[in-house]
Amino acid sequence: MRKITAGLFISLDGVIGEPQDWHFPYFNDEMGAAVGAQLATADTLLIGRVTYDSFAGAWPDREAAGGADAGMAAALGDARKIVVSHQDLDFTWRNSEQLKGDLIEGVRELKAQPGATDIAMSGSPSIVRQLLAAGLIDELHLLVHPLVVNTGLRLFTEGESIPLRLISAQPFETGVLHLIYGPGPARSGDYDDAKAHLPQADQ
């Protein structure tokens, strides 16, 4: 069974929308290494149409330009790209295809296929939410920026709670916190359980 990892830039108040407007001042070697480890080495990308359009509009030109980011651009171009959309799509970026049918069933089948590496996701928050709720994301990589954006699309809105467990936490020099979560067991308890852990007054 293949593992799915999902990576997102996120502000302290949970905003993930339009990260190009606020996250670049925090992008350093540490963040580059984290993004590269999660994304650039994957042989399969699972993304939504909006994310695909953004990637396809930028990375092929960067690969052709041969600049400092050409290596990552080539890796993304060589990866199998599976795009989730309700619309019929035409692709110009190599190795691109559309996920047909039900999202959850299609992703279960995708995870069961053989592959050399993980399946990586970037952005695509609506898909991330659905796959998290279905227990199909194995690692959620959040790059939490020390910034309150105050407006924009947030990763989590209303819905059922989703228990997670913390796999790792790494602070960066910029103040960004790299958090990796995986599926976790639901916890139970109430105030009577919690109060036993409160500091006790001196007698």
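Before reading further, recall that the structure is shown in the block above.
Fair warning: this is a prediction, and the values are worked out from it, not measured in the lab.

**Student:** Before we go on, may I ask you to explain the environment of Val 128 in this structure?
**Tutor:** Looking at where Val 128 falls in the secondary structure, it is placed in helix α6 (residues 125–133). When sequence neighbours within four positions are dropped, the list of residues in contact with Val 128 reads Ala 6, Leu 8, Met 121, Gly 123, Ile 137, Leu 140 and Leu 155.

**Student:** What exactly am I supposed to notice about the side chain of Thr 44 here?
**Tutor:** By the element assignment, Thr 44 lies in strand β2 (residues 44–48). Looking at Thr 44, the relative accessible area reads 2%, which means it is buried. Of note is the side chain of Thr 44, whose polar atom sits 3.4 Å from the side chain of Arg 2. Ignoring sequence-local partners within four residues, the contact set of Thr 44 consists of Arg 2, Ala 79, Arg 80, Ile 82, Asp 118, Ile 119 and Ala 120.

**Student:** In this structure, what is going on with helix α5 (residues 103–112)? I would like to understand it.
**Tutor:** Every α-helical turn comprises 3.6 residues, leaving residues that sit three or four positions apart pointing alike. Taken together, the buried positions of α5 are Leu 103, Ile 104, Gly 106, Val 107, Leu 110 and Lys 111. Buried residues along α5 cover an arc of 160° about the axis, so they all sit on one side. Residues of α5 that are buried make contact with β1 (4–11), β2, β3 (80–84), β5 (119–122) and α6. The distance from a side-chain oxygen at the start of α5 to the backbone nitrogen of Ile 104 is 3.2 Å, and the residue carrying that oxygen is Asp 102.

**Student:** Help me understand the packing of aromatic side chains, please; the structure alone is not making it clear to me.
**Tutor:** The geometry of an aromatic ring pair is captured by two quantities: the separation of the ring centres and the angle between the planes. Enumeration according to the criterion identifies 3 aromatic pairs in this entry. On the basis of an interplanar angle of 65° and a centroid distance of 6.5 Å, the ring pair of Phe 9 and Phe 27 is categorised as edge-to-face. With Phe 9 in strand β1 and Phe 27 in the loop between β1 and α1 (29–40), this residue pair connects regions lying 18 residues apart in the sequence. Seen in terms of ring centroids, Tyr 52 and Trp 93 are 6.0 Å apart; in terms of plane orientation they differ by 45°. Their pairing is tilted. In this pair, Tyr 52 is assigned in helix α2 (residues 49–56) and Trp 93 in the loop between β3 and β4 (96–98), connecting sequence segments 41 residues apart. Given the relative accessible area of 5%, Trp 93 is considered buried. The structure contains a cluster of three or more aromatic residues connected by ring pairs, namely Tyr 52, Phe 91 and Trp 93. Over the face of the ring belonging to Trp 59 we find Arg 62, whose NZ or CZ atom lies 4.7 Å from the ring centre. Across the ring face of Trp 93, the terminal group of Lys 81 is positioned such that the distance to the ring centre comes to 4.5 Å.

About the thresholds
- Residues numbered from 1 in each chain as written.
- Predicted model: local features only at pLDDT ≥ 70, side-chain atom pairs only at ≥ 80, totals over all residues.
- Heavy atoms only, no water.
- Helix = DSSP H or I, 4+ residues; strand = E, 2+ residues; numbered from the N terminus.
- Contact = heavy atoms within 4.5 Å.
- Buried < 20%, exposed > 50% of the residue type's maximum accessible area, 1.4 Å probe, protein only.
- Polar contact = N/O pair within 3.5 Å; in protein donor to acceptor, adjacent residues only side chain to side chain.
- Arc of directions from axis to C-beta.
- Phe/Tyr/Trp six-rings, centres within 6.5 Å; stacked < 30°, edge-to-face > 60°.
- Lys NZ or Arg CZ within 6 Å of the ring centre and 35° of its normal.

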